[in-house]
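Residues per chain are reported as follows:
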Amino acid sequence: MVQVEQLSTRRPAVSVDELLAGFVPSPRFGEVSFDSYRPDPSQPSQAEAVTLLQGFANGAAKKPAAGGLRKFFGGKAKAKSNGAGGRAGIYLDGGFGVGKTHLLSSLWHEVEGPKAIGTFVEYTNLVGALSFRKTVEALSTYKLVCIDEFELDDPGDTVLMSRLMRELADAGVRLAATSNTLPGSLGDGRFAAVDFKREIQVLADQFEILHIDGEDFRHRGLPTPPEPVANSDLDSRMRQDFSGRTVAVDDFSVLVDHLAGVHPSRYRQMLSDIDAVVWRNVHTITEQSVALRFVVLADRLYDKDVPILASGVSLDQLFTPEMMTGGYQKKYFRAVSRLTALAREAQEIGDRQPVG
């Protein structure tokens, strides 16, 4: 028996406390640690990252006095590094799926006391939901703030996050971030405003930076998503593969339209109690704003490890070729990578079902 729900009918109301409570590692990384991270012996930078983060965790355990970093972040001169433990921030750069989120979540678990972890987009959404000042007040009491997938949607978001990070550093909060681009290169090919680039450089100077080499583990042995399921087989596959689960079944077009009416900060709650999703008639998204909203949904699905069963076009055709080569390509590649992992998970569940 499958309990069928629809994401396209859900409009969750979320309190401030619920929003802040969501800044913890996703279930996928709920119990990870530095010990559970397995560095690739052929990629020395992976083991180096573990050592660097362990030292940073020790430094984050002792929160400096408020205001102690004002000159550090506000001055033009580049701060001298005393190792990762002495910097205000640490920055892990690397390709998709090399374990950056695992390491960032391990850092979060390692540091005792109030702390937060979320994606760049989740923090900008938090500011949109609470206001900038209330966000600063809430996070300034934390020892550690971790920002996963630091990417730049527009100059406004960059200035906002730059200001937020400087104010948190003034309060003695340690900062850790990951991205698929080095801080000094963020925004290249997107925006050319002088002020925008200056903001990026100010951030770049304050982080201990390490590039993590490696292959995307989500695509090892499976460079493309599983073949879409035929519409005629979708219901039977759902009932066989997801028996006993709560499954959100939506027409893809209806779901995409529905997302426009739900604030992205609520997508996590929209997926509450959902064990799997089924999408009928997936099609290529052609509008940039719609595609960027869907990227947020893909991130939340991946956070919850929700398997995907879908008909229509293949998930690697979800975004247009222009999007996959444009200024937001890193977002779209991440989304395809994560959706592919979830579709593969659904396929593996089906493969384990008894035949006949």
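Above this text sits the structure in question.
Here we summarise the structure given alongside this text. (Residues numbered from 1 in each chain as written. Predicted model: local features only at pLDDT ≥ 70, side-chain atom pairs only at ≥ 80, totals over all residues. Heavy atoms only, no water.)

Attention now goes to the pattern of salt bridges. One pass over the full model with this rule turns up 13 salt bridges. Residues Arg-300 and Glu-122 are paired through a salt bridge, measuring 3.7 Å at the closest nitrogen-oxygen approach. Of the two residues, Arg-300 is situated in helix H12 (residues 288-304) and Glu-122 in helix H5 (residues 120-130); the sequence distance between them amounts to 178 residues. According to the relative accessible area criterion, Arg-300 is buried, its value standing at 4%. (Salt bridge = Lys/Arg side-chain N within 4 Å of Asp/Glu carboxyl O. Helix = DSSP H or I, 4+ residues; strand = E, 2+ residues; numbered from the N terminus. Buried < 20%, exposed > 50% of the residue type's maximum accessible area, 1.4 Å probe, protein only.)

This paragraph deals with the packing of helix H2 (residues 44-60) against helix H4 (residues 100-110). Where H2 meets H4, the axes come as close as 10 Å, and the angle between the chain directions of the two elements is 30 degrees. Judged by the angle between their axes, H2 and H4 are roughly parallel. For H2 against H4, the interelement crossing comes out right-handed. When H2 is examined against H4, the residues Ala-49, Val-50, Leu-53, Phe-56 and Ala-57 are found in contact with a partner set consisting of Leu-103, Leu-107 and Glu-110. Of the residues contributing to the contact of H2 with H4, the split by class is seven nonpolar, no polar and one charged. (Axes fitted to C-alpha atoms, helices over the stretch in contact; angles between N-to-C directions. Parallel < 35°, antiparallel > 145°, perpendicular 65-115°, else oblique. Left-handed = near helix turned anticlockwise from the far one by under 90°. Contact = heavy atoms within 4.5 Å. Nonpolar A, V, L, I, M, F, W, Y, C, P; charged D, E, K, R; others polar.)

What follows covers H12. The first and last C-alpha atoms of H12 sit 25 Å apart over 17 residues, in line with the 24 Å expected at 1.5 Å per residue. H12 sits mainly inside the fold: twelve of its 17 residues count as buried. Every buried residue of H12 is listed here: Val-290, Ala-291, Phe-294, Val-295, Val-296, Leu-297, Ala-298, Asp-299, Arg-300, Leu-301, Tyr-302 and Asp-303. Of the residues one or two after H12, Asp-305 is the one with positive phi, at around 60 degrees. (Expected span 1.5 Å × (residues − 1).)

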